[in-house]
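Analysis of the macromolecular model
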Amino acid sequence: MMELKELCEKTLEIFRVKSVEDLGESLMKACMENDMQKFDTFAELVGDLNVDWLQKIFQYYQADRKEKMQDYTPESLAAFVGRLVGDSDEVIDMCAGSGALTIQKWRQNHETRFKLFEIDENVIPYLLFNLVLRNIESTVCHADVLQKEMYHKYKVKRGDKYGILEVIS
């Protein structure tokens, strides 16, 4: 298993950025431009797409644990909750983060569709990249679910190998 520092350095290299603060913008650009080379290179780097590798980077380097109380779901708990959900054609996650729970549920059934909500605009590119990379059919709402405010909405449609990102609003 790759160490976090090595994962981070190689990821920054793939996306041609010098710092983690610039990674989100590059992830979003790769999704918007359907940059298959970046998807292929990242997938080759990490190997196992059953793991949310980007969560590790975001959680360590960018999570706001003090003000936003961001603490991410461990893989084992995400897998357990995914099994608790049971069989369903569509799964809703009100605090999607970078997509750890979604990835674990997708791991159990690649045909599941997802409706995901996330308030933190900084983690949205990580979430979208994870979905596109795994070709996961989903709708992502950048929203405050408690205040019922929608900021942006995205759709990931299934493609041949990778998902196709569409900005809805």
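**Remarks on the environment of Asn122**
With respect to the helices, strands and loops of the structure, Asn122 is situated in the loop between β2 (113-118) and α7 (124-134). With 99 residues separating them in the primary sequence, Asn122 and Leu23 have C-alpha atoms 9.8 Å apart.

**A short note on the packing of aromatic side chains**
Under the counting rule described, the total for this entry stands at 6 aromatic pairs. Seen in terms of ring centroids, Phe15 and Phe42 are 6.5 Å apart; in terms of plane orientation they differ by 55°. Their pairing is tilted. Taken together, the positions of Phe15 in the loop between α1 (4-14) and α2 (23-32) and Phe42 in helix α3 (residues 36-46) put the pair 27 residues apart, joining distant regions of the chain. Phe42 matches Phe15 in its accessibility class, with the two residues each being buried. When the centroid spacing of 5.0 Å and the interplanar angle of 70° are considered together, the rings of Phe58 and Tyr126 count as edge-to-face. Of this pair, Phe58 sits in helix α4 (residues 53-61) while Tyr126 sits in helix α7, and the two are 68 residues apart along the sequence. We note that Phe58, like Tyr126, is buried. By way of ring pairs, the aromatic residues Phe15, Phe39, Phe42, Phe129 and Tyr162 are connected into one cluster. Between the NZ or CZ atom of Lys56 and the centre of the ring of Trp53, over which it lies, the distance is 5.9 Å.

**Describing the sheet that holds strand β4 (residues 149-157)**
Pairing is mixed in the open sheet, where 5 strands are placed in the order β1-β2-β3-β4-β5. Edge strands, defined here as strands with exactly one partner in the open sheet, are β1 (90-93) and β5 (164-167). With strand direction ignored, the average angle separating the axes of adjacent strands in the sheet is 15°. α7 contacts β2, β3 (138-144), β4 and β5 of the sheet and is inclined by roughly 170° relative to β3.

**With respect to the packing of α3 against α7**
Across the interface, α3 lies against α7 with an axial gap of 11 Å and an inter-helix angle of 90°. Our classification of the angle between α3 and α7 gives roughly perpendicular. Facing α3, whose interface residues are Phe39, Phe42 and Ala43, α7 presents Phe129, Val132 and Leu133. Its residues assigned to classes, the contact of α3 with α7 comprises 6 nonpolar, no polar and no charged.

About the thresholds
Residues numbered from 1 in each chain as written. Predicted model: local features only at pLDDT ≥ 70, side-chain atom pairs only at ≥ 80, totals over all residues. Heavy atoms only, no water. Helix = DSSP H or I, 4+ residues; strand = E, 2+ residues; numbered from the N terminus. Phe/Tyr/Trp six-rings, centres within 6.5 Å; stacked < 30°, edge-to-face > 60°. Buried < 20%, exposed > 50% of the residue type's maximum accessible area, 1.4 Å probe, protein only. Lys NZ or Arg CZ within 6 Å of the ring centre and 35° of its normal. Pairing = 2+ DSSP bridges. Axes fitted to C-alpha atoms, helices over the stretch in contact; angles between N-to-C directions. Contact = heavy atoms within 4.5 Å. Parallel < 35°, antiparallel > 145°, perpendicular 65-115°, else oblique. Nonpolar A, V, L, I, M, F, W, Y, C, P; charged D, E, K, R; others polar.

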